[in-house]
Each structure stands twice: as C-alpha cells, then as structure tokens.
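A structural walkthrough
Each chain, letter by letter, is given below.
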Amino acid sequence: MKVIGKELGTTLVEMYGEIEQRLKTEAVRDLKVVSFEGASFSDIQWGDTEVVVSLHNGVPTRALNHILGIALQHIRQRLDRYPAVVRGRTDVEGGALVRSALRELVMSPEAEQQVAPLKIDVTWELKQRHEGLKQLLRDAPEDWNDAGSIGHAFAALQYARFTIEHPEELWEGLRDQFRKDLPAAAMTGDELVALVAEHGWKTPGACIESLVTVRDALGLQGFVAIEDRRNGKIL
C-alpha cells in the first residue's frame, strides 16, 4: 500500500478498504489521502464528494501506518455516529484548542483501541508527543494554574489524556514534573481521568457521557457543545 509517495506495506490494506467502501455506500464520498505541511501529524476534511486525509510530509515512513490508521478510525467514528465536539453559543480565544483537547481525550483512546490489534510501531510518535509536552510545560504561563481559565482547562485536559494514553514508564517522570510546575491543573486533570473512567468510550452514548461530564466539570458550556450525531441534538 502506497500513500503520499511512501510504501506502507500491507498492515492497513484491509482497514483502508473497509473504510473506503463504507464511505462510498453510507456517505456517498470517495476517500483521498494527500500530503501537507501542517501543524499536526494529520488532518481530516469532509467535503461534498470526498473525505480527504492529509498526512504530514515530514513524518517518517515508519510512523505513517499508525497515524493513517488513527485517521481512518476517526472517519469510522463519524460513520458510526460517535459524537462531535463543536463550538457553543459563543467562542473565546483559545476555544478551538480546548475543544480539540476535549475531543482527543475521549475519541483518541477509542480509536487507539481499534488499531491496537495491528501492533503498529508507535515509537516515533510517542517520542514526539513526549517532547511536545515537555516543551509545553517549559513554556506554560503561571495562570494555567488558575481554575476557570482557558489555560487551566487546556492544561488539565492534556494531563488527563497523557495519563490515559502515555505509557507509564514514559509518563511517570513527566507526570511528576507536571505536578510540580502546574499543581492545580494536574489536580484537575486527575479528576477528569476519574470522570472518563466512570463513563468510558466504548459506545457513542458512553462517549457523550464522558464528553459532557468533563466539559461541565471544567465549566466550558459557553463555548463547547457536544453534537449527538445519532439524532442531531446539541448538548
């Protein structure tokens, strides 16, 4: 299997074919993979006739199977009517980052569970995320410890996601540093982990419960809404 000019082998052939067929039959759209120079590893855009997965051209070939696999699972989530995190009645500076962090806290572990049986190498990606959080901590302003601030919510969501997804042997030292530098945000993050553990992410309904509960615990209702794609309701 070859994407953006790079040979990925056969690991994702079955998954790619399944998602491609589902898009054609259920959403009347084609699946397209392109390269880009963005700020993230990947991006997904739903158009009227196609769904475009953009993969960062700078990602080494050995890491592309996992990044593409997760992107395919996010497409599958939408086809399966898993919820979306959308803008609320208003918006604030930094709102988009917080919405993205909330979405990833719940939807990323669900996607990871689906690709886990493939045993894809994630070493490069883990290292990039690890170094990224270290840099984030070095640059974090003091007000990220102020409960109720946008920065506090973002930091707590990052802490919670790393607690859930980052390997313990990598997270242990970074967690200690997080608790030292941003103790209030880390404490809130631990509370969010408990909320997600209570509801989980195994079904669309469970994801909605987790997303709404975490959003409300952080007091983000003004600029964060949850769309239930099963019935179109905005929560």
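So, here is what we can say about the structure in this document. None of these values were measured; they are calculated from a predicted model.

1. Re the packing of aromatic side chains
- Considering all chains together, one arrives at 5 aromatic pairs under this definition.
- A ring pair is formed by F41 and W124, whose centres lie 5.3 Å apart and whose planes are at 50°; its orientation type is tilted. Taken together, the residues span a long stretch of sequence, with F41 in the loop between strand 3 (30-36) and strand 4 (42-46) and W124 in helix 4 (residues 123-139) at a distance of 83 residues.
- Given a relative accessible area of 21%, F41 falls into the partly exposed group.
- Residue classification places W124 among the buried residues on the basis of a relative accessible area of 16%.
- Taken together, a centroid distance of 5.7 Å and an interplanar angle of 35° make the contact between F162 and W171 tilted.
- Three or more aromatic residues link up through ring pairs in this structure, and these residues are Y159, F162, W171 and F178.

2. Let's talk about the pattern of salt bridges
- For the structure on display, the rule yields 14 salt bridges.
- For E110, the salt bridge goes to R76, with nearest N and O atoms at 2.7 Å. Placement of E110 in helix 3 (residues 95-115) and of R76 in helix 2 (residues 61-79) is noted, with a sequence separation of 34 residues between them. R76 shares its class with E110; the two are buried.
- Measuring nitrogen to oxygen at the nearest pair gives 2.9 Å for the salt bridge that ties R215 to D216.
- When its relative accessible area of 34% is taken as the criterion, D216 is described as partly exposed.
- Bridged by salt links that share partners, the residues R22, E26, R76, D80 and E110 form one connected network.

Criteria and cut-off values
Residues numbered from 1 in each chain as written. Predicted model: local features only at pLDDT ≥ 70, side-chain atom pairs only at ≥ 80, totals over all residues. Heavy atoms only, no water. Phe/Tyr/Trp six-rings, centres within 6.5 Å; stacked < 30°, edge-to-face > 60°. Helix = DSSP H or I, 4+ residues; strand = E, 2+ residues; numbered from the N terminus. Buried < 20%, exposed > 50% of the residue type's maximum accessible area, 1.4 Å probe, protein only. Salt bridge = Lys/Arg side-chain N within 4 Å of Asp/Glu carboxyl O.

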